[in-house]
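Below, each chain spelled out in residue letters.
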Amino acid sequence: MMITITGTPGTGKTTVSQLLHQRLDSKLISINSLLDDYDLNLGTDEVRGYRIVDTEAMIPIINDIKNENAETLLIFEGHLAQDYPFSDLIVVLRCDPLILKERLSHRNWKDKKVDENVSAEILGVCTSESYETYGDIVQEVDTTNKSPEEIVDILVKIIDGDVVCPLGVIDYLGKYFNLLD
């Protein structure tokens, strides 16, 4: 089984994925590691200051890892992880945009990059892109007022089929429309 954990930067993907990996007998695949290990970096977006991922080249690499670990639970984590079209479960981590802005402001990012990511969270861009690729297997978890351990507990329940966190419950657009650039 392959689980993809995605979301806007700052929603907790890396921390939660690492804790979930420690709790479950699994293999963790991070997009950031793939960028470095497989030279998937196409350069840097000078305006926004982020690395550009060669997602087309990423897909066969993930396929190989998946085939080599067919009997292992795989956790694929990253902001663009939803671009891989062959996962069994997709979880989008979400966060209140004001809390997200606070988290991202501590990363020494340009204001434009912070604002763009906050706007993406308000609009639910990761959820929308995930749904475009995967449809009804996408679930959302709000990380705003939960510890990483609480989020891992929810993810384990989702994986076990004990909890469903359907799309459409988390909606920041009405509340934060005025923050959109």
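Structure's up top.
**Q** Is there a simple way to explain the state of the cysteines in this structure?
**A** The term disulfide refers to a covalent linkage connecting the sulfur atoms of a pair of cysteines. Following the criterion strictly, the structure yields 0 disulfides and no others. Free cysteine Cys95: the closest other cysteine sulfur is in Cys126, separated by 13 Å. Residue classification places Cys95 among the buried residues on the basis of a relative accessible area of 0%.

**Q** What's the story with the side chain of Glu140 in this structure? I'm lost.
**A** When you line up the elements, Glu140 lands in strand 7 (residues 138-142). One polar contact links Glu140 to Thr127, side chain to side chain, over a distance of 2.6 Å. Engagement of the side chain of Glu140 in a polar contact is seen with the backbone nitrogen of Gly168, the distance being 3.4 Å.

**Q** What is the right way to read the nonpolar core from this model?
**A** For soluble globular proteins, the rule of thumb is that nonpolar side chains tend to be buried together. Residues Met2, Ile29, Leu34, Met58, Ile62, Phe76 and Tyr84 are the most contacted members of the largest nonpolar core, which totals 21 residues. Of all the secondary structure elements, the ones that give two or more residues to this core are helix 2 (31-37), helix 3 (55-68), strand 5 (73-77), strand 6 (89-94) and helix 6 (125-134). Among the elements that line this core, the one with the most residues is helix 3, at 5 residues. Setting aside chain neighbours within four positions, we find Met2 in contact with Ile29, Ile62, Lys66, Leu74, Phe76, Tyr84, Phe86, Ser87, Asp88 and Leu89. Judged by nonpolar contacts, the second largest core, of 17 residues, contains Leu89, Val91, Val152 and Cys165.

Rules behind the numbers
Residues numbered from 1 in each chain as written. Predicted model: local features only at pLDDT ≥ 70, side-chain atom pairs only at ≥ 80, totals over all residues. Heavy atoms only, no water. Disulfide = S-S within 2.5 Å. Buried < 20%, exposed > 50% of the residue type's maximum accessible area, 1.4 Å probe, protein only. Helix = DSSP H or I, 4+ residues; strand = E, 2+ residues; numbered from the N terminus. Polar contact = N/O pair within 3.5 Å; in protein donor to acceptor, adjacent residues only side chain to side chain. Core = buried A, V, L, I, M, F, W, Y, C linked by side-chain atoms within 4.5 Å. Contact = heavy atoms within 4.5 Å.

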